[in-house]
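# Results of the structural survey
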Amino acid sequence: VFIEKFTTPASLAEIKWSKEIYCTDNFARTVVSRTDKFMSALNRSLRVVNFVLCFPDGSFLLLSEFEANALVGLFWKSSRGSHCLVHSNFLRQSLDSMNEILLQCTLSKRDAVANHLFRGRREASDVISDDEMASLQLFAGESTYATEERKYALQSMLRVHQTKGGVRFCPRTEAERIVEMRGLGKFYPYSDLEALCEKMLCEM
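Every chain's residues receive numbers from 1 upward, in the order its sequence appears when written. With pLDDT at 70 or above as the cut-off, local features in this predicted model cover only qualifying residues; side-chain atom pairs require 80 or more to be listed or tallied, and sums for whole chains, interfaces and linings still use all residues. Water and hydrogen atoms were dropped before computing side-chain values, which therefore reflect all heavy atoms in the structure.

## A short note on the nonpolar core
Using the following cut-off: By nonpolar core is meant a set of buried Ala, Val, Leu, Ile, Met, Phe, Trp, Tyr and Cys residues that side-chain atoms within 4.5 Å join together. Burial classification: accessible surface area is computed with a 1.4 Å probe over protein chains only, and a residue below 20% of its type maximum counts as buried, one above 50% as exposed, and the rest as partly exposed. Where helices and strands are cited, they refer to DSSP runs of H or I of at least four residues and of E of at least two residues respectively, numbered from the N terminus. Only heavy atoms enter the contact rule, under which two residues are in contact if any of them lie within 4.5 Å.
If you look at the biggest cluster of nonpolar residues, it comprises 42 residues, and the most contacted ones within it are Ile15, Trp17, Leu62, Leu138, Leu158 and Leu193. Looking at this core, the elements that each hand over two or more residues are β2 (51-54), β3 (60-63), β4 (84-87), α4 (88-97), α5 (130-139), α6 (148-158), α7 (171-181) and α8 (192-203). For isoleucine 15, the contacting residues outside a window of four places in its chain are Leu138, Met157, Leu158, Val160, Phe169, Glu174 and Ile178. Of all hydrophobic cores here, the second largest spans 6 residues; its members include Leu53, Leu61, Leu71 and Phe75.

Listed below in structure tokens is the structure:
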């Protein structure tokens, strides 16, 4: 819904984004127009993907820095629940290496100790799958995908056979567009993302 509502062109919404990833209104709305109305197309003003709140049901909420700072205080004061607050880079790095999530902040009484952020350590693979991580990475404009499982998930996202209303869709065009929107175009050439898109074009 966020991609469809806040970015252009419409073809970006045709990518098979994970249905388990959401964002807050504060994360989505970054700028206002001169008429004090929130701008509908935020291609050049997308918020950086930093903090992720992981829910026990396998869903994820993207947060603004302001919201994350407020939640950290709540996490320190409470020991109820099994949510996990983590920076997206640490989540990806831990999933890549199949290790415990670095600098995670949890709401678990289990294994609670005095070292604050390291209460209730959890493995990244128990929190997020390669499907969801591929969506997070692509939305963040990343071009490097560490595992074959992640690359397969990315390929599935970009393999669109039928679009709504006859919208034209090209995997390479949409991938390049997202990377450019994030200002990371220099990392696209010779990357995993480029190689995957070129492979998909050869299969079409």
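More follows now that the structure is in view.
## Overview of the pattern of salt bridges
Defined as follows: Just to be clear on terms, a salt bridge is a Lys or Arg side-chain nitrogen sitting within 4 Å of an Asp or Glu carboxyl oxygen.
Evaluated as defined, the whole model comprises 9 salt bridges. We note a salt bridge from aspartate 130 to arginine 150, for which the minimum N-O separation is 2.6 Å. Of the two residues, aspartate 130 sits in helix α5 while arginine 150 sits in helix α6, which places them 20 residues apart along the sequence. For the salt bridge of arginine 172 with glutamate 198, the shortest nitrogen-to-oxygen distance reads 3.0 Å. Linking arginine 172 in helix α7 with glutamate 198 in helix α8, this pair joins segments that are 26 residues apart in sequence. A cluster of three or more residues bridged by salt bridges with shared partners is formed by Arg92, Asp96, Asp130, Glu142 and Arg150.

Note that all results are geometric; they support no functional claim without further evidence.
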